[in-house]
Amino acid sequence: VLTFPFLGARYGYAKTTLQLTKAMTAQVTAFRGAKSLFELEHLVDMRNTLRGAELAIFQRLHDTGKIEITQAHDLIDAANKEAELNYHSPWNVMTRGAALPQHLSEVINRQVSALAAIRLEMKKSRDSENAFNSAVEAIDQTHYDYEKTNRAMIMQGNTQRVVFMFKQYAQK
């Protein structure tokens with residue numbers, strides 16, 4: 001919802017509509033045939049279908065956490081300190097399973113936004129670094145950065161992270 005006006009103001013609304021539609025189509029195509037939610041988690045990764053500069057930029061986005069670090073990850077971490085000790089415990093498996101639909105929807109939205117931003121900037125400047133920066137800015141401005149370091153100090157403790165989880169946007 002926020003990505004459209006953000007990219008539209010920068011690249012034009014007709015071009016943005018076209019690229020967001022193409023990116024969503026590519027995303028839907030990427031996970032056709034999934035037989036379970038857990039299988040879907042691996043199929044939504046658009047790196048499986050991208051090539052060339054787009055793939056290289058997407059890999060950088062994944063390496064920096066711009067795609068994968070979502071609010072669902074933060075909630076799991078805040079609620080489950082046992083995760084570092086026993087990843088396969090029944091509690092951890094249940095927690096990850098319960099958060100998976102929210103996490104996947106956030107990843108899908110981030111990937112679609114990033115791909116549209118990359119393609120729009122590549123058509124405009126033909127520069128991979130500019131395209132990467134455009135995707136990072138689009139994600140940060142329209143999907144927010146949920147990393148622990150991107151919070152006010154009062155929002156960083158274990159209890160405070162849960163209490164202020166849906167108020168992080170207000171600090172921006």
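Residues numbered from 1 in each chain as written. Predicted model: local features only at pLDDT ≥ 70, side-chain atom pairs only at ≥ 80, totals over all residues. Heavy atoms only, no water.

A. Region of the structure containing the side chain of Glu 121. As for its placement among the helices and strands, Glu 121 is situated in helix H6 (residues 90-125). Within the buried core, Glu 121 has no salt-bridge partner, and the shortest N-O distance to an opposite charge, that of Lys 124, equals 4.7 Å. Sequence-distant contacts of Glu 121, that is, excluding residues within four places in its chain, are made with Tyr 11, Arg 126, Asn 130, Ala 131 and Ser 134. (Helix = DSSP H or I, 4+ residues; strand = E, 2+ residues; numbered from the N terminus. Buried < 20%, exposed > 50% of the residue type's maximum accessible area, 1.4 Å probe, protein only. Lys, Arg positive; Asp, Glu negative; His and termini not counted. Salt bridge = Lys/Arg side-chain N within 4 Å of Asp/Glu carboxyl O. Contact = heavy atoms within 4.5 Å.)

B. Region of interest: the layout of surface pockets. Here the second largest pocket defines a volume of roughly 240 Å³. Lining the second largest pocket, in full, are Val 1, Leu 2, Thr 3, Phe 4, Leu 20, Met 24, Asn 109, Val 112, Ser 113, Thr 142 and His 143. Put simply, the parts of the chain that give the lining of the second largest pocket at least two residues each are helix H1 (3-11), helix H2 (13-30) and H6. For the lining of the second largest pocket, the element with the highest residue contribution is H6, accounting for three residues. Here the lining of the second largest pocket is built from residues that sort into six nonpolar, five polar and no charged. (1 Å grid on protein atoms, 1.4 Å probe; cavity = no way out; pocket = protein on both sides within 12 Å on 5 of 7 lines; lining within 4 Å. Points joined across faces, edges and corners; volume = space filled by probe spheres on them. Nonpolar A, V, L, I, M, F, W, Y, C, P; charged D, E, K, R; others polar.)

C. Summary view of the packing of aromatic side chains. Using the criterion set out here, one finds one aromatic pair in the structure. Taking 5.4 Å as the distance between ring centres and 55° as the angle between the ring planes, the aromatic pair formed by Phe 4 and Tyr 13 counts as tilted. Across from the ring centre of Phe 132, 3.7 Å away, lies the NZ or CZ of Arg 60, which sits over that ring. (Phe/Tyr/Trp six-rings, centres within 6.5 Å; stacked < 30°, edge-to-face > 60°. Lys NZ or Arg CZ within 6 Å of the ring centre and 35° of its normal.)

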